[in-house]
Structure formats: structure tokens, C-alpha cells
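Notes for the structure review
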Amino acid sequence: MATFSLRVTKAAATFSTLSKPTAAPQAPLGKYAVPSRYLQPHPSNNITPHIASLVGRDLHLRPSHPIGIIRSKIQEYFASLSSNSSDNTTYKIFDAEDPIVTAQQCFDDLLIPPDHPGRAPSDTYYVTDRSLLRTHTSAHQSQHLRSGVDAFLCCGDVYRRDEIDATHYPAFHQMEGVKLMSAESMIGADGLKEEQWLHSPECQLIEADLKATLEGLMDHLFGPTEKRWNDDFFPFTQPSYELEIYHNDEWMEVLGCGVIHEQVLHLSNRSDRRGWAFGLGLERLAMILFKIPDIRLFWTEDERFHRQFKEGKIVEFQPYSKFPPVFKDIAFWTNDESTTNQDDFVENDFFDVVRSTAGDLVEKIELIDSFTHPKTGRSSRCYRISYRSMDRNLTNEEIDGLQFKVRDETATLGCELR
């Protein structure tokens, strides 16, 4: 039997002159902070206690939190358009929507096909077979269009099972924006379908309005900056685009957008109108603007983080400590000899096991080796887990205990530990 090796690498810790960690005053939780609501005994439920504990934290509604500051600045920009716009567009604000949505809202109404990987339990947190934690704020688009709203901003927390590193977290925040053009400006498009519509002056008018609006948003957030547009694909917009800005000597993607697909409007009972939509990640913008190096920091209650930020102000984050990582390796077979032609291992299941066991002490997981045995056909993987606390030193003994729990939980995925 192969022996289990615990590898440990320690680096010298460096500390700033800021004080030792103290917890920030507990921010009030939102009305959806009810973990039992998400941990239902349904066979399709794959929500862990760790994920359930994140729902309802409402970071985007905290005025002095980086996520709340970015949300506020975006809403401020669109409010200025409402007051200066010749068409008097007013964007209604939705920022307290229920994070549980139906599969129809999240996928069907947005033309996301049944076999799309985003629907799989490996990517999405399901409450039941028909309800889930929203994977994007676009899940609310159809309900607001059906209610008769012509322009709105929808902001909230979204959830996806994903890799683990400094820029990925299973909970994050998005802003969705939608605008329907006035019926009068679209009269020339009456009856146009597909290619005729895509090449019409009215479709080009929407595209121009969309791009001008979002370029203005980037200037509002970053100051005058160079921009470029790339063609993209989203099932729910056609045509679709990606916007990049040139910042800190590199091009960075900041959002996706497009002209709302006519079928999406039809499913929303708004076939008589045309318009545009965009979506962006607040963490991505906040990490760039505040120079925050690790996405886990947004969820910390450490006062040394929170006291650096004030409502309405964008300031550079000052690291208050850099504690050393502890590295542990785990290797396992993902299939046995009786099923060598079938490997059902799902990487996101393993990531979720580690995150559920160790929480935010997990900084990163890397695949460092994989191979298929030439005789048995069995597949093996070896991952390196980086444990690092953002506010204290970790001991080898503490992490050994967590690592053994990770090994036990990994075995429940049908893997054979090596």
C-alpha cells in the first residue's frame, strides 16, 4: 500500500505595523441568511453548510465595503444618465432579490440549452431538482421584463462551484443592467426577424447606445481609459460583445453584453420591444480598483480590512500581514479496475469537499500530477492544497487534522486514496 506523505513548506512571515487582528462589528445579516432554507433533505441538494452560511451576508449592501462601494458607484453613474438623458430613461434598482430561483428563470428563459455544462450539479448549487442558488443575476431578467419594467439594474450574490485560487470563490456578486429602447425608435424594425433584424439600422442603434453607455461607465470607474470591443457569444443576446480596458499596462476583460435576443423578449412577453443587457462581476472590478490580491478578503470580518474603506471612496488596499502557507499533497485513483473505461470523477466535487472541510483557510488547489496506469488503465491525480490564513499563523498540527478530514471526505467521492 502506498504511504501517505504530508509535505510542508513554510516561509518567513512578514508583518506590517498595523495592529493584531480584531473582528469588525458584526454587520446585520439580510433576510435570506437562513442556512436551513438551503440545506434541504432533497436528493438533488448539493449545497454545503459553508455555502449556506454565505447566503444573506449582503456584502453589496454594505456602504463602506468594497463591493458596496462599487455597486453604489455604478448605480450613481446610471442615475446621472437618467437625469441627463434626452429619452428620460430611469433605471429601477433591484438589489434584494431572493437568491433561490427556478431552473426556468436561470436557464430556460435565457435560452441556455438543456445540455449546457452550467446546468450540471458539478457547476451549480441545487436546492431541489427545480430550484437552485442563482448562478448569475440574469436569472431575474425575465421576471422584471414581464412585470413591465423597461430599464433596471439588478445586483446580488451569485453562486457557482468552481476552482479554488486567489480570484475564484463559490460566492460572488454581479450587476445586471437592462434597457428597452422606446417603441418609437424601433418602428422601422417591426416584423424583422433574425438576419434582417441583425443588419437593421435599429439593431445598430441599440448596439451604439449600449457601447456608449458602457464606455461611459468605465470612464466613471477608472477615469478616461483605452477600450476595445470583441465579438462574443451568449445564448441570451445577439449580437454579443466583450468589453476590455487597458489598465496597468495590460488589457483586461471587464464585462459581457449584447442586444437582447428576440426569443428572450418573446418568453418575457415583451415581443413588441427591443433592447440591450449587460452583466459584470463586482469582485473583479473591486480587486482591480482597490488592488485587493485575494478574493477571500471580501468575506473577512477582520477590522484591519474593513477600517481601510469608507463609503464612496476608492483607495488602495494596504496589506496588513502575510502569513506563510502550509502545503499538503493528496493523491488518489479516480476509478477502479472494474471501471477503467469510465472515469466519473468531477473536479469541482473535489474542490467543494476541500472548501467544505477547511473553509476559507484554503487559498489554492493545483493539479500537480496525473497519469493513467499503462496496464490497469486506472487514472490517478495528485493535488497540492495551499492552506493560508489571512489573519494568523497556521500550525502544521492544525492543518494535518484538516488534511486527514479532507482525505476521508475525498473517499466518499468514490476515489481510492494512494
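Residues numbered from 1 in each chain as written. Predicted model: local features only at pLDDT ≥ 70, side-chain atom pairs only at ≥ 80, totals over all residues. Heavy atoms only, no water.

As a further point, take the overall build of the protein. When you go through the protein residue by residue, the secondary structure sums to eleven helices and 15 strands. Relative to its length of 418 residues, the protein is compact, with a C-alpha radius of gyration of 24 Å against a globular reference of 22 Å. Overall, the C-alpha framework of the protein stretches about 75 × 60 × 45 Å when taken along its three principal axes. Each of the 418 residues in the protein was classed as buried or not, and the buried ones make up 52%. At a minimum sequence separation of 6, the contacts of the protein that also span at least 24 residues come to 69%. Here the protein has roughly 19,200 Å² of accessible surface; of this, 50% comes from carbon and sulfur atoms. Here the protein contributes 44 positive and 62 negative side-chain charges, whose respective centroids are spaced 6 Å apart. (Helix = DSSP H or I, 4+ residues; strand = E, 2+ residues; numbered from the N terminus. Rg over C-alpha atoms; globule rule 2.2 N^0.38 Å. Buried < 20%, exposed > 50% of the residue type's maximum accessible area, 1.4 Å probe, protein only. Contact = heavy atoms within 4.5 Å. Areas by Shrake-Rupley, 256 points an atom, 1.4 Å probe, with all protein chains shown as cover. Lys, Arg positive; Asp, Glu negative; His and termini not counted. Charge placed at Lys NZ, Arg CZ, Asp CG, Glu CD.)

With mixed pairing, seven strands are arranged side by side in an open sheet as E2-E5-E6-E10-E9-E8-E7. At either margin of the open sheet sits one strand with a lone partner, and together these are strand E2 (92-94) and strand E7 (227-234). Neighbour-to-neighbour, the strand axes of this sheet turn through a mean angle of 25°, independent of strand direction. Strands in contact with helix H2 (residues 66-84) are E2, strand E5 (151-159), strand E6 (171-180) and strand E10 (275-281); relative to E6, the strand with the most contacts, it is inclined by about 5°. Against the sheet, helix H6 (residues 201-222) makes contact with E6, E7, strand E8 (237-247), strand E9 (250-260) and E10, and its axis sits at roughly 145° relative to E9, the strand it touches most. (Pairing = 2+ DSSP bridges. Axes fitted to C-alpha atoms, helices over the stretch in contact; angles between N-to-C directions.)

With antiparallel pairing, four strands are arranged side by side in an open sheet as E13-E14-E12-E15. The open sheet has two free edges, formed respectively by strand E13 (362-372) and strand E15 (416-417), since each of these has just one partner strand. With two bridges joining them, strand E12 (residues 326-333) and E15 adopt antiparallel strand pairing. Bridging from a neighbouring strand, Trp333 pairs with Glu416 of E15. Sheet strands touched by helix H11 (residues 396-411): E12, strand E14 (379-387) and E15. Its angle to E12, the strand with the most contacts, is close to 20°.

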